[in-house]
Structure formats: C-alpha cells, structure tokens
Amino acid sequence: KQWYQRRVAITAGDEETEITDATQLLPISHEIKLNHAIKAVSGLALDPAGARLVTGSQDSDVKYWDFNAMDSRFQSFRTIQPMENYQISSIEYSITGDSTLIASGGAQAQVLDRDGSQLYQCRKGDMYIVDMGRTNGHVSSLYNAVWHTKDRNIFMTSSSDCTVRLWDINVTKNQKTVIKMRGSNGKKISPTHCAFNKDSSMIAVATVDGALSLFSSKGPFVRPKICNKAAHQNGTETSCLRFATDGNKLLSRGGDDTMKLWDIRSIAKPLHVASNLDNVFTGTDCCFSADEKFVMTGTSVKRGSGDLVFFDTETFAEAYRFSVGEASVSKILWHPKLNQIVVGCSNGIVKVYYSPQLSSRGVLLCAAKPRRRQAKNDEIPTGLSQQILNPYSLPMFRENRFLYAKRRKDKARRDPMLSSAPDKPAYGLDAHKTKGCSASAYISKQLALDVHGPPAEEEDPREVLLKYAEVCEKDPYWIAPAYGPETKTSFQEVTEETLSEEPVPKKPMYFYNK
C-alpha cells in the first residue's frame, strides 16, 4: 500500500495538526453491501439530493433503493425490467432528480420517473437506410446516455451505429441532432462514450480507433472542433470520459489499461498518464472527487479481485489503493454532496463506502436503523372460545362493492334475469319458418307481402287457377292458338274418390360409380 503523504492543516482554535493517513482524507472507513443480482453491475445513479440510488446490471434488472426508508436489511423497494432482455449500459439522473435516463443493449433509450414509470422512449431508426443521418433514431445497441447539464429536457446517446444523437423529450418523432463519427481514413467509426462539459458548451466523444473528438454544442457537427487521433491505443474501447468543473480538464479511462488527464486547450499531449490499470469491462468508470483534489478509478480483471485506486489530481501520484473483495470493479460513483463512494462489482454486489466524520446523510440514515419487528397477534385467553363470528361476511350483510364498467357488464351478461342472449340466425330449409329474425329481414318480408301477396304455400293452387277461368273463356289469347277455336277447357271435378286416391310413388333414382 502506498500511503498518501500530504500536509493538511485543520484549524482547531489556534492549533494545527498534520494528517498523513489517506484513510482520514477519503470516505472509505466503513462500507455496506447491497445485493443487486448475480451478474455484473453495469449502471449506477444517485439523485442530486442523495436520497435514492438506482442500480442496473447485465441481467436487465433495475432496482430502486431509498436511503430514508431502508433499515439495516438494505432491501430495495422496487425492481423493474424497462428494456425486457437487454442488459443495462448506463443510468443517469436528471439535473432536477425527477427522471432517470437509461441506455441498454437495445437501440432505444428510455426516460423513467422516480417510481420507474416510462415518460419517454426514443424512436428506432430504419436499419435498411445507409445514411444514418436520414433515420429517425438509432438502429444498433447503445453505449451510454447522458443528460444536458443545463436543460432538463435534452439528453445525448452514443451507439454502435457510428452516430451520436441529441434528443428532446418534447419531440417524439425524431432526434434533435445527429453527429456522424468518421475515422482518420474518412470511414465510419463507432463511438464508445460521450459526455457534456459543465456548461454543456462542448461535447466530447471517444471512438473505437482511440481518437478523442470535441464538438461545439451549437455546431457545426461535420468535423470536430478539437481532435486527437491517438489519445488511446487503436482498437481499444475508451470506457469513460469526465469533465472537471472548470470545463478545461478532461479525464479519460482507456481500454489500453491507462487513465489520462487532458487539457482541451492543448490536447495534443496529456497532462498526466496512469498506467497498469487493468480494464476488462467496457463500462469501467473514472471520476473526480467533490473538491477535485482526487481522481478515482477501478480495475477489472478476468479472474481475481479488482482494486479501487485514488490519484492526486495535481501530480497524478497514486494516493491509495485497496481491494473491493473477490470481484472486479465495473462501475463507480462519488457523490459530491454525500461524500460517499458507490462501487458496482462484477458479482452483482453494490458496495457503498462512507465515513461517519466526512460523509453526511445517505447511507448514514439507514446503516444504524434497527430492523422492523413484525407485530405479534394478541393471544386469546384459554377460557374463551377461539371461534370468531363475523356476521358481515354473510351474503345478506355484504355491501355491493364498486365494480368497473367492464366488470358490471360481464356480470350482467352472466345473469339470465338481467340479460338474455338474442336468437341465433336460422339456417337450412326451415329457416323461413323461424319466429325470430332481424329488423331488416322483417321489413323485407313485409314489403314482399305488400307487392306479391302471401306466399304460395298458404293458398290452394286450384283456387288460384280457377280465378282466371272466366278470363280465359272471354279472351282465349294463349289457349285458342294452340288447340283451335273449338277446343273446350275442362277441369277435373273433385269427388270423394279422387280425394281418397293415393299419389303414385316416384321411381327411385340410383347412381352408379364408374
């Protein structure tokens, strides 16, 4: 261990004391564990007030922790899966703390409220369009998403489709601005991380080829305003970019096991470089302390334990290093108001480091809070009967509960007294004999009766023909030309014998298969 040697004067009346122990300057004397999941933690966010913590992991779960309501059991109060089966890439609270921005392995970022309900979702672009500037959204997985530091409605996302896009939550059709990233050879290059400076006047973007590009937030976005093509090793993913409060210093965590401090006014050469910092996870963070006197980052390895490393900002000398346990460091967060450090590990555990003397609120509110005891039921005296009678549970005493309109309708349909099913439509040869029919069928039937009279089956065919007997004798227009003028028409007389005769049966028809 390398102890941080620094002379710090603490005024206590007229006396000054010298502190040479790094543990007295860093809030790492105590720790608590929050069990998030089994897979690596890939997202951490604390609201500006430091009351709620949001964690996300590679198993697509997002958990909400409330320090004011938790006790010493340290249990989350809500678990959601906003991106279905996509792993979480980054989580960040807005500047007002009323919403959360989540990026995942999918192409659409989401904005959630403090309770986890969706407020906004980015639109997905068309993957068959070659020019990514003409699509309305990303078409590939996201690397990270960050809020604008001045406007609570604007945020920025970076994706593997070689674009960085700015969004406005008041516009749902498409993005606000598209920045197409190009490499040194002019071809498309994928960004790995993006960040705003303190006043959001500059946008920093790191790409896969190791380049570091800075754009003015007002544009133009055709080519970067400031660029270093060899900021990190080519082919490695720069996992994090952080601006200092002065807006001139930029901290970058590279996939080449280095961390560098830059001055954007002279970006050709870094101010300081820290090497031999293992970086296996693509989301390993780096950050400044609240007073920006320290720089912190974590190490991640394939097997073994990771370390939390602190550096002096002025000299970039290693101030302190300690192991976080049997897992690697995947995400880190240093809250400026609480002065507490949140570390996400590769085994799904979130550790919060604090100091009772240097930290305030946050974990201190629930670390010493006793567990809630469940109220025991009062014991019934042995002389009394244990049977409890509740007359209001009987059907005759029950009050009608309020039912929604759909439930009331379903209940009425099941009750034969309140509603009856309409008659089914008739089919087949006897369909016209059914009593029930629709209104249109009834009207059509009445119109037919008015025009043509009753149907033929209700009248005697003999009477129908005899009505025209006198007309045929007076004016034999159809019969006389066929049979001659001397032909006399005669009809069969109805007698008892003719009525008693049985009709001749028809000869059955047989069909033979050939």
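Residues numbered from 1 in each chain as written. Predicted model: local features only at pLDDT ≥ 70, side-chain atom pairs only at ≥ 80, totals over all residues. Heavy atoms only, no water.

Further remarks concern the nonpolar core. By size, the foremost hydrophobic cluster in this structure holds 19 residues, and its most contacted members are Leu308, Phe310, Ile341 and Val343. Listing elements by their share of this core, those giving two or more residues are strand E25 (294-298), strand E26 (307-312), strand E27 (318-323), strand E28 (329-335) and strand E29 (340-345). Once residues lying within four places of it in the same chain are set aside, the contact partners of phenylalanine 310 are Leu26, Ile28, Val295, Met296, Ala317, Glu318, Ala319, Tyr320, Phe322, Trp334 and Ile341. In this structure, Ile32, Leu34, Leu53 and Val342 belong to the second largest nonpolar core, which totals 17 residues. (Core = buried A, V, L, I, M, F, W, Y, C linked by side-chain atoms within 4.5 Å. Buried < 20%, exposed > 50% of the residue type's maximum accessible area, 1.4 Å probe, protein only. Helix = DSSP H or I, 4+ residues; strand = E, 2+ residues; numbered from the N terminus. Contact = heavy atoms within 4.5 Å.)

Let us look at the sheet that holds strand E14 (residues 163-168). Within the open sheet, the 4 strands sit side by side as E12-E13-E14-E15. Their pairing is antiparallel. Two strands in the sheet have a free side with no partner beyond their single neighbour: strand E12 (142-147) and strand E15 (177-180). Ignoring strand direction, the axes of neighbouring strands in this sheet form an average angle of 15 degrees. Where strand E13 (residues 154-159) meets E14, 5 bridges bridge the pair, whose relative direction is antiparallel. For phenylalanine 155, the partnering residue across the bridge sits in E14 and is tryptophan 167. (Pairing = 2+ DSSP bridges. Axes fitted to C-alpha atoms, helices over the stretch in contact; angles between N-to-C directions.)

The next subject is a nonpolar patch on the surface. Residues Tyr442, Ile443 and Leu447 make up a contiguous nonpolar surface patch of roughly 330 Å² in combined accessible area. Inspection of the secondary structure assignment puts isoleucine 443 in helix H3 (residues 439-452). (Patch = residues over 30% accessible without salt bridge, like charges linked within 9 Å, V, L, I, M, F, W, Y side chains within 5 Å. Areas by Shrake-Rupley, 256 points an atom, 1.4 Å probe, with all protein chains shown as cover. Salt bridge = Lys/Arg side-chain N within 4 Å of Asp/Glu carboxyl O.)

Turning next to the pairing of strand E6 (residues 62-66). Summarising burial for E6: 5 of the 5 residues are buried, a large majority. Where strand E5 (residues 52-57) meets E6, 5 bridges bridge the pair, whose relative direction is antiparallel. Residue pairing in the sheet places valine 54 in a bridge with tyrosine 64 of E6. The hairpin formed by E5 and E6 contains 4 residues between the paired strands, and serine 60 there has a positive phi angle of roughly 70 degrees. When E6 meets strand E7 (residues 78-80), the two strands line up antiparallel, connected through 3 bridges. The residue bridging lysine 63 from the neighbouring strand is threonine 79, located in E7.

The buried count for E25 comes to 5 of 5 residues, which makes it a mostly enclosed element. Every second residue of E25 is oriented toward a common face, with Phe294, Met296 and Gly298 on one face and Val295 and Thr297 on the other, all of them buried. As paired elements, strand E24 (residues 286-288) and E25 share 3 bridges and run antiparallel to each other. Bridged to cysteine 287 within E25 is methionine 296.

Moving on to the packing of aromatic side chains. For the structure on display, the rule yields 9 aromatic pairs. Considering the side-chain rings of tryptophan 147 and phenylalanine 155, the 5.6 Å spacing of their centres and the 70 degrees angle between planes classify their relative orientation as edge-to-face. Summarising the burial analysis for this pair, tryptophan 147 and phenylalanine 155 share the class buried. Look at tyrosine 320 and phenylalanine 322: their rings are 5.8 Å apart centre to centre, the planes differ by 35 degrees, and that puts the pair in the tilted class. Tyrosine 320 sits in the buried class, given a relative accessible area of 6%. (Phe/Tyr/Trp six-rings, centres within 6.5 Å; stacked < 30°, edge-to-face > 60°.)

Right, let's talk about the pattern of salt bridges for a bit. Going through the model one piece at a time under the given rule, you end up with 14 salt bridges. The closest approach of N and O atoms between aspartate 263 and arginine 265, which form a salt bridge, is 3.1 Å. Take aspartate 263: its relative accessible area is 14%, and that puts it in the buried class. You can call arginine 265 exposed: its relative accessible area is 64%. Overlapping salt bridges bring together Arg52, Asp66, Arg78 and Asp115 as one network.

Quick look at the environment of glutamine 58 now. Relative to the helices and strands, glutamine 58 is located in the loop between E5 and E6. Accessibility expressed as a relative area gives 31% for glutamine 58, which makes it partly exposed. Taking the C-alpha atoms as reference, glutamine 58 lies 9.0 Å from isoleucine 38; in sequence the two are 20 residues apart. In this structure glutamine 58 touches Lys39, Ala40, Ser42, Gln87 and Phe281, once residues within four positions along its chain are discounted.

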